[in-house]
Amino acid sequence: YADMGLDDLNRFANESTSTTQWEGEDYARKRRTADIAQLWIQPAKRERKVNYAVDDYYREALRQNSKNNAAQRAPRPPKQLHISDFQFYPPRLQVLLDKELLSYRRQIGYKVPKAGAGVSGSGGDDDGNDSSTSEVRSEEARLAEQAQIDSAEPLTEEEIKEKEELVSQGFSNWNRRDFYSLMRALENHGRSNMSLVKTEVEGKSPEEVEAYAKVFFKCYKELPEADRLTAQISKGEQKRARRNEIQQLLESKLGECKQDPLRHFSIPYSSGGSTAKGRVYTEDEDRFMLVSLARNGIGSDDVYDKIRQELRLSPMFRFDWFIKSRNSQEIQRRCQTLIGLLQKEVQGGRAVRNGGADDGD
């Protein structure tokens, strides 16, 4: 304002100037900033809580266990073939692999570690005698194993060639999953139906399955679980035989009906017929389920789901909400009850015929 004259001061207006600005500095904003700085309270810094990571815990625990197991496990040759009993290699191959293993351990100077000292219990003298006896036995086994390592010799050239020939005689491309897949196929279809078994093993051609099955049936008794596998396959074959018997029974009974079985097939109810007290299924519903079961086959997949769908779509039961609301398990139970009635009738007829034959004699 020093350069302004009297006339300029008389025409002074506060439109373009501010009383809080001086020499390019705004003192009003500066004051507000200072007031806010005095009133502002810095909030506490947020700290993230570390959640309990289950995966990390078990990963670390398994890593420690693997380290301990690696420390306790005896060393093996880097590229030695690992064979399983279900691959049916010649027994001579295992002898050569054991000899190669002992030679490798001797070469690296491996020493069989001593067993841990037995913990003495607070019991009587019998416990102490048992622990000392077990320690003596384990020490004897350790010394015997160490003696085998110390006296081991490497494979000769003839033995190396023999080992290579024996390796090609087994089923190296069969793993445990393939083996159990074949066992399930044999259980489902039986040993007499190899045409279906050969197509059930995933990842194997029918020729590969046939070649393996020939060796399996010849050498399966050498497997440590041969009894369990035989019982499993036999159980599956018995189940298939029962299903075939029921299927033949249904077909023969329905074939005896000269007219439409859906209308005229007679079901041998135990007492009271289809109107007996407590029976919730009608005779038409029972006949339809038996006819549908015989047509679809009792051994087919999801047969009771198919019967349920056919019941829902059949015009015979368009307004039968009871049968439409039955699930597959209830339909299965009802079919089994009806099959039991048919089997009981057949057994009763056989008993009558046998009794008549005895009287005639």
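Residues numbered from 1 in each chain as written. Predicted model: local features only at pLDDT ≥ 70, side-chain atom pairs only at ≥ 80, totals over all residues. Heavy atoms only, no water.

1. What about the packing of aromatic side chains?
Enumeration according to the criterion identifies 11 aromatic pairs in this entry. A centroid spacing of 5.7 Å and a plane angle of 55° characterise the contact between Phe-88 and Tyr-212, whose relative ring orientation is tilted. Of this pair, Phe-88 sits in the loop between α3 (54-72) and α4 (91-107) while Tyr-212 sits in helix α9 (residues 206-219), and the two are 124 residues apart along the sequence. Per residue, the accessibility class of Phe-88 equals that of Tyr-212, and both read buried. With a centroid separation of 6.4 Å and an interplanar angle of 65°, the aromatic rings of Phe-88 and Phe-216 are classed as edge-to-face. Of this pair, Phe-88 sits in the loop between α3 and α4 while Phe-216 sits in helix α9; the two residues are 128 residues apart in sequence, bridging distant segments of the chain. For Phe-88, a relative accessible area of 11% gives the class buried. Judged by its relative accessible area of 3%, Phe-216 is buried. (Phe/Tyr/Trp six-rings, centres within 6.5 Å; stacked < 30°, edge-to-face > 60°. Helix = DSSP H or I, 4+ residues; strand = E, 2+ residues; numbered from the N terminus. Buried < 20%, exposed > 50% of the residue type's maximum accessible area, 1.4 Å probe, protein only.)

2. With respect to a nonpolar patch on the surface
The grouping of Val-54, Tyr-57, Tyr-58 and Leu-62 at the surface amounts to a nonpolar patch, some 440 Å² of accessible area in total. Inspection of the secondary structure assignment puts Tyr-57 in helix α3. Residue classification places Tyr-57 among the partly exposed positions, given a relative accessible area of 45%. (Patch = residues over 30% accessible without salt bridge, like charges linked within 9 Å, V, L, I, M, F, W, Y side chains within 5 Å. Areas by Shrake-Rupley, 256 points an atom, 1.4 Å probe, with all protein chains shown as cover. Salt bridge = Lys/Arg side-chain N within 4 Å of Asp/Glu carboxyl O.)

3. Some words on a negative patch on the surface
A cluster of like negative charges, contributed by Glu-200, Asp-301, Asp-302 and Asp-305, occupies part of the molecular surface. Relative to the helices and strands, Glu-200 resides in the loop between α8 (194-197) and α9. (Lys, Arg positive; Asp, Glu negative; His and termini not counted. Charge placed at Lys NZ, Arg CZ, Asp CG, Glu CD.)

4. With respect to the nonpolar core
Counting residues in each nonpolar core, the largest one holds 28 residues, and the members touching the most others are Leu-293, Tyr-304, Ile-307 and Leu-311. For this core, the secondary-structure elements that each account for two or more residues are α10 (226-256), α12 (283-296), α13 (303-313) and α15 (328-360). Those residues in contact with Ile-307 that sit more than four places away from it in its chain are Met-289, Ser-292, Leu-293, Asn-296, Ile-331 and Cys-335. One finds Phe-86, Phe-179, Ala-185 and Met-194 within the second-largest nonpolar core, a separate group that totals 22 residues. (Core = buried A, V, L, I, M, F, W, Y, C linked by side-chain atoms within 4.5 Å. Contact = heavy atoms within 4.5 Å.)

5. A look at α13
Residues Val-303, Tyr-304, Ile-307 and Leu-311 constitute the buried set of α13. Each buried residue of α13 lies within a common arc of 95° when the element is viewed along its axis, so the set occupies one face. (Arc of directions from axis to C-beta.)

6. Notes on the pattern of salt bridges
If you walk through the whole model with that rule in mind, you get 17 salt bridges. Between Glu-145 and Arg-105 there is a salt bridge, and its shortest N-O distance comes to 3.7 Å. Taken together, the positions of Glu-145 in helix α5 (residues 125-150) and Arg-105 in helix α4 put the pair 40 residues apart, joining distant regions of the chain.

7. Topic: the environment of Ser-270
Considering the arrangement of structural elements, one finds Ser-270 in the loop between α11 (261-264) and α12. With a relative accessible area of 58%, Ser-270 lands in the exposed category. Sequence separation between Ser-270 and Leu-341 is 71 residues, and the spatial gap between their C-alpha atoms is 7.4 Å.

8. Description of the environment of Lys-99
Turning to its location among the elements, Lys-99 is positioned in helix α4. The spacing of Lys-99 and Gln-148 is 49 residues in sequence and 9.5 Å in space, taken between C-alpha atoms. In contact with Lys-99, other than residues within four places in its own chain, are Glu-153, Pro-154, Leu-155 and Glu-159.

9. Quick notes on helix α6 (residues 157-167)
Helical periodicity: at 3.6 residues per turn, an α-helix aligns residues three or four positions apart in one direction. Within α6, the full set of buried residues consists of Glu-159, Lys-163 and Leu-166. Seen from one end, α6 has its buried residues packed into an arc of 65°, which puts them on one side. In α6, those exposed residues whose orientation departs by more than 90 degrees from the buried face are Glu-157, Glu-158, Lys-161, Glu-164 and Glu-165. Its buried side turned inward, α6 meets α4.

Scope: geometric values only; no functional claims are made or implied.
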